[in-house]
Structures are given as structure tokens and as C-alpha cells.
Amino acid sequence: MLSCCSVSMLLFALGFLLVILQPSAGQFPRVCANVQSLLSKECCPPWEGDGSPCGELSSRGSCQNILLSQAPLGPQFPFSGVDDREDWPSVFYNRTCRCEGNFMGFNCGECKFGFSGLNCTERQVKTRRNIFQLTASEKNKFLAYLNLAKNIPSQDYVIATGTYAQMNNGSNPMFRDINVYDLFVWMHYYASRDTLLGGSNVWRDIDFAHEAPGFLPWHRVFLLMWERQIQRITGDENFTIPYWDWRDAEDCEVCNDEYMGGRHPTNPNLLSPASIFSSWQVICTRSEEYNSQQALCSATGEGPIRRNPGNNDKSRTPRLPSSADVEFCLSLTQYESGPMDKMANYSFRNTLEGFADPQTAISNPAQSGLHNALHIYMNGSMSQVQGSANDPIFVLHHAFVDSIFERWLRRHRPMLEVYPAANAPIGHNRENYMVPFIPLYRNGEFFKPSRELGYDYEYLQEPALQSFQDFLTPYLQEARQIWAWLVGAAVFGGIVTAVLTGLVRACRKKKGGTSSEIQPLLVESEDYNNISYQSNF
């Protein structure tokens, strides 16, 4: 168990690092949350390295107009111009930093995921590990990092407490500070909140992070940003998010005071007072209240974390997911299908998300499988979509969900074109920017293997084959680009070979036979024509 004394000492030591470390995450950059930036619709802050916007003097990036996707959307959202998240982030900004090479960040001051070094030229791959494989000190450090994030204000980012219209179209900024952990809770809320239509009217069938193709890429970015944020505020550049492998679990194995908090002795809906998480306050859980007031979550405390694992509605979620459920899901060859929402059949994404049956892949929103099953099973703060990230089990759970996504990518090796380019629900097309991240990320940019993004999973690593795979990967990527040429060359080569073979045979007939020392150009056998060559580029 992590004692209060050890927590206090760790918090003091880690908090001291904030004097020299500047955290970075996503949402509204503090330097752009002002009248001038909102009215000019420009967010191109200077990079501290040379003082120029986007580090332009150092060739890190430049201030550019945002290029929005023009691809048609699905029919799920029948409105236009009523939600600040439409064509993100153009309601707030239409000019941002476009970074070059391996640079990234709202001012191009960081390295892309998977790169490090002064000029972001050093590739790196870090390993996410099973939480039960961590040593006691590693596990205690992880818990301390979580608690630190909950108690440290974000230096670079603020959250919006009003819509753009409520800000008088930018002339009256409405932003406030927030701690690092709650910044991510708020972003998850903001991406999944209902659309406010005025009066008491709302539109609920909208979600920029769930129920559509972007579910897996969105949460992949969310975890990468969260991971980097912890690395920055602690100075621990080797930190990675642990995962909880919940396959075939009989109960919540992490729900004890040694890990993520046990059950309260007198109130089964609360956490044990021996857990550091029992003092946490949740935010953004009162969606009906916000809707009735036509307001956004202001990130004020709304009570303790609630969790009562296993005492959920068994008719909806009778058990935790099994290994067989996961294996069936991985066997599905289509990433997305049909309407590309929670009614999609035979969709890997919809089955993993939990809206389709994990044994048939047929949509059944009345039941909750795989990802959704864990949320419902927790029977508390984690079971309500908009506020689910309040429970720190959220990151353990989604890290394992991301690992299943990674297994599917490695097994099926889809090309980028497999991710839908058009007709997905609003915000989920391949070229759409993800809400509400700044710097900007497109959905399609994270539809690729995790090692290209700088991380791997302990249980997915294949040490004996990894070096060969790393060697082969660039050649396979090149082959994908010249596939049509390769096919044409093979056909042409076959024709040339056939012609040459015919000429050789004709010459043999003219010479009246072949010496026993002369070998045929091609070996002829009964099985020759049955040989097939397959390529899985």
C-alpha cells in the first residue's frame, strides 16, 4: 500500500520539477485564450527557442490556414452551424501552426510521438507493461504520478466555460484554469457532450470520440497525450501507461487499496478511505444539468469517485469479457461497415467498442460487450460516458483496448484507405481533425502500428523477430506504393518467359534432340502449374 507519508514526499519532489518543466497536452493553449487571438482566429504562438511564431526562424513550422476536409458526412447529425465542434477548430481558429518534419505542438516546440532529441531525429519505442508485472516501487510511483497530476495546474492549457456564442463571438473570452488530470477528463467530456440547440433543446446523437470509426484513433491520441503529460510534469521520460488485461477476470482485480482503490467498508458505492483516490473530486458528470442550463461543464468538483464493481445490471452486462470474445473480435476483417455507427454489423471497431455482440458481430446496443462491458461493470463514475475518465481505472482499461486495436492492425495490416474517407458520422472521416485537440491531429494519422508512434505492448513483443521486422518494414512500405508496377512487371515477365521457352523448344526440335548433359531451361513436372505465389504487402 502507498502510505500517506510516501505520497507526500513524492508529491513534494515531483512538484518541484514544475519550476523548470513546462507541461503540454491539448485543448485551448493559454497563449491563445484571449480577445486578440479569438477575434483574429489565429493561434500561432512563438516557440521559446527563437521567439518566432511556430519556430519559423528555426524551420520548425509556420503559421498556416487550416485545411478542412470537404468529404461528406453521415446523416446522424442533421444540423449545420450550431455546434462549436463542427469543422474543428475553425469556429475558434482558422490559422494554426503547421509543423515540419518531426516537430509537433501548438507552437512546434515538441517532437512527434516516437521521436526525441534536440532536433527530434532520434527514434524511440517505449513499452507499456501489465500493471501486475510492475514492481512495488514502480506501481507506487505510478499511483503517485496520478495523484500529482490531480493536484498540479496545467501550465499551458485552459478550458472553455462557455460556447463561442456565449463569448460574444470571441470578444468576451470565457476560460479557466484546470489541473492536469482534470484537463483530460474535461476533453473527454467535451468530445462526447450533447449539442446545445437553445432553450432546453439538445441533440444527443452526436459524439466526436465514440460510436464511430474515430473511437480507436481518438483514444489512442488521448492516451499518448496523457502519457507525455505525465512524462513532462514528472521529468520521467521513460514513463508509460500500464494496462489491465481484463480477459477472463472474475472480478475487478485492480479494485483494492494496493492498486486503484478498494470498496468503502460502509458505503459500497465509494472507495476505501485507505486509497489515495478516495479524496478525488469528479467533474463533468451532470450532463442533464448542463443541458437544462445550456451551459458547458466548468470543471468544479461534483463529489467523490463512485464505483461499485459487479453490482451492475446483469441483463445488460452479465460478465466481464473473455479471451474468446477478444479472439472473435480480432478475426473480423472489416474495420468499419454499414452506417459506421453503433448499428454497424461485422465491424471490428463496433464489436470492440461493445455495441455489437462479441460472438456474432451483430449490432445489439441493448447489450454491452468488450470495451463497454468494463465501463458498465464498474457501476459508477466510469459508467457514464462524459465523465468516465474521472476514474483512474479508465487509463488502464483503454490502454488494454488500444492493445487489442494494435493486435488487429498487426494481424490484418490494413492500408490507410481502409479507414473511411467519407460518410462517417460528424468528426469521424479520415481527414477530420479530432475534437478538441490543439495541436491538430487527423483521425487517419493514428490508424497505423503503435511502434511508428513510439510505443509497444509488453505482451505483443516478439524479440527474436523484431529486428528483422524493423529491417523489413520500410521495404514493405515501398512495395505498397509500387504494387501496381510489381503486378505489371510480373505479367510482362511471364509473357517474356513463355516466349523464350517457346523459342528454346523450337530450336531443340530443329537440332533433332538434346544431349544428356544439356539441362532444360525450366523444370517441368506435374506440380509446376499448381505452384502459386502470394504476397501480403
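- As annotated in an unreviewed UniProt entry, the chain carries the name Tyrosinase and comes from Junco hyemalis.
- Word for word, the UniProt comment on the chain under Cofactor (unreviewed entry) is "Cu(2+)".
- As its UniProt record puts it under Sequence similarities (unreviewed entry), the chain is described as follows: "Belongs to the tyrosinase family."

### As for the nonpolar core
- F142, W186, W226, M260 and F348 are the most contacted members of the largest nonpolar core, which has 120 residues in total.
- Setting aside chain neighbours within four positions, we find M260 in contact with I131, F142, L143, L146, V254, L271, S275, F277, R307, P392, I393 and L396.

### Examining helix α5 (residues 215-234)
- Across its 20 residues, α5 extends 29 Å between first and last C-alpha, which sits within 8% of the 28 Å expected from 1.5 Å per residue.
- With 19 of 20 residues buried, α5 is to be regarded as a mostly interior element.
- Positive phi appears at G235, one or two residues downstream of α5, with a value of about 80 degrees.

### Details of helix α3 (residues 136-151)
- If you check α3, its first and last C-alpha atoms are 23 Å apart, about what 16 residues at 1.5 Å a residue would give, namely 22 Å.
- For α3, the full list of buried residues reads K139, N140, F142, L143, A144, Y145, L146, N147, L148, A149 and K150.

### Some remarks on the sheet that holds strand β3 (residues 61-65)
- Taking strand neighbours across the sheet as the criterion, the 3 strands line up as β2-β4-β3 in an open arrangement whose pairing is mixed. One side of each edge strand has no neighbouring strand; the edge strands of this open sheet are β2 (42-43) and β3.
- Two elements, β3 and strand β4 (residues 95-99), share 5 bridges in a ladder whose sense is antiparallel. The partner of N65 across the bridge, within β4, is R95.

### Things to note about the sheet that holds strand β1 (residues 28-29)
- As summarised here, the arrangement of the 3 strands in space is β1-β10-β11, forming an open sheet in which the pairing is antiparallel. Each of the sheet's edge strands pairs with one partner strand only, and the pair in question is β1 and β11 (175-176).
- In this structure, β1 lies alongside strand β10 (residues 157-160), joined through 2 bridges in antiparallel fashion. In the sheet register, P29 faces β10, and the bridge partner there is Y157.

### Considering the packing of α3 against helix α4 (residues 180-192)
- Their axes nearest at 4 Å, the elements α3 and α4 cross at an angle of 80 degrees. Judged by the inter-axis angle, α3 sits roughly perpendicular to α4. Across the interface between the two elements, L146, A149 and K150 from α3 touch V180, Y181 and D182 from α4.
- A breakdown of the residues in the contact of α3 with α4 according to their chemical character gives 4 nonpolar, no polar and 2 charged.

### Observations concerning the packing of helix α7 (residues 323-331) against helix α10 (residues 393-412)
- The N-to-C vectors of α7 and α10 enclose an angle of 40 degrees; their axes lie 9 Å apart at closest approach. The angle between the axes of α7 and α10 places the two elements in the oblique class. With respect to the hand of their crossing, α7 and α10 are arranged in right-handed fashion. Listed contacts from α10 to V326, E327, C329, L330 and S331 of α7 are I404, R407, W408, R411 and H412.
- In terms of residue class, the contact of α7 with α10 is built from 5 nonpolar, 2 polar and 3 charged.

The rules behind the values
- Residues numbered from 1 in each chain as written.
- Predicted model: local features only at pLDDT ≥ 70, side-chain atom pairs only at ≥ 80, totals over all residues.
- Heavy atoms only, no water.
- UniProt positions renumbered as here; feature names shortened; annotations may be inferred.
- Core = buried A, V, L, I, M, F, W, Y, C linked by side-chain atoms within 4.5 Å.
- Buried < 20%, exposed > 50% of the residue type's maximum accessible area, 1.4 Å probe, protein only.
- Contact = heavy atoms within 4.5 Å.
- Helix = DSSP H or I, 4+ residues; strand = E, 2+ residues; numbered from the N terminus.
- Expected span 1.5 Å × (residues − 1).
- Pairing = 2+ DSSP bridges.
- Axes fitted to C-alpha atoms, helices over the stretch in contact; angles between N-to-C directions.
- Parallel < 35°, antiparallel > 145°, perpendicular 65-115°, else oblique.
- Nonpolar A, V, L, I, M, F, W, Y, C, P; charged D, E, K, R; others polar.
- Left-handed = near helix turned anticlockwise from the far one by under 90°.

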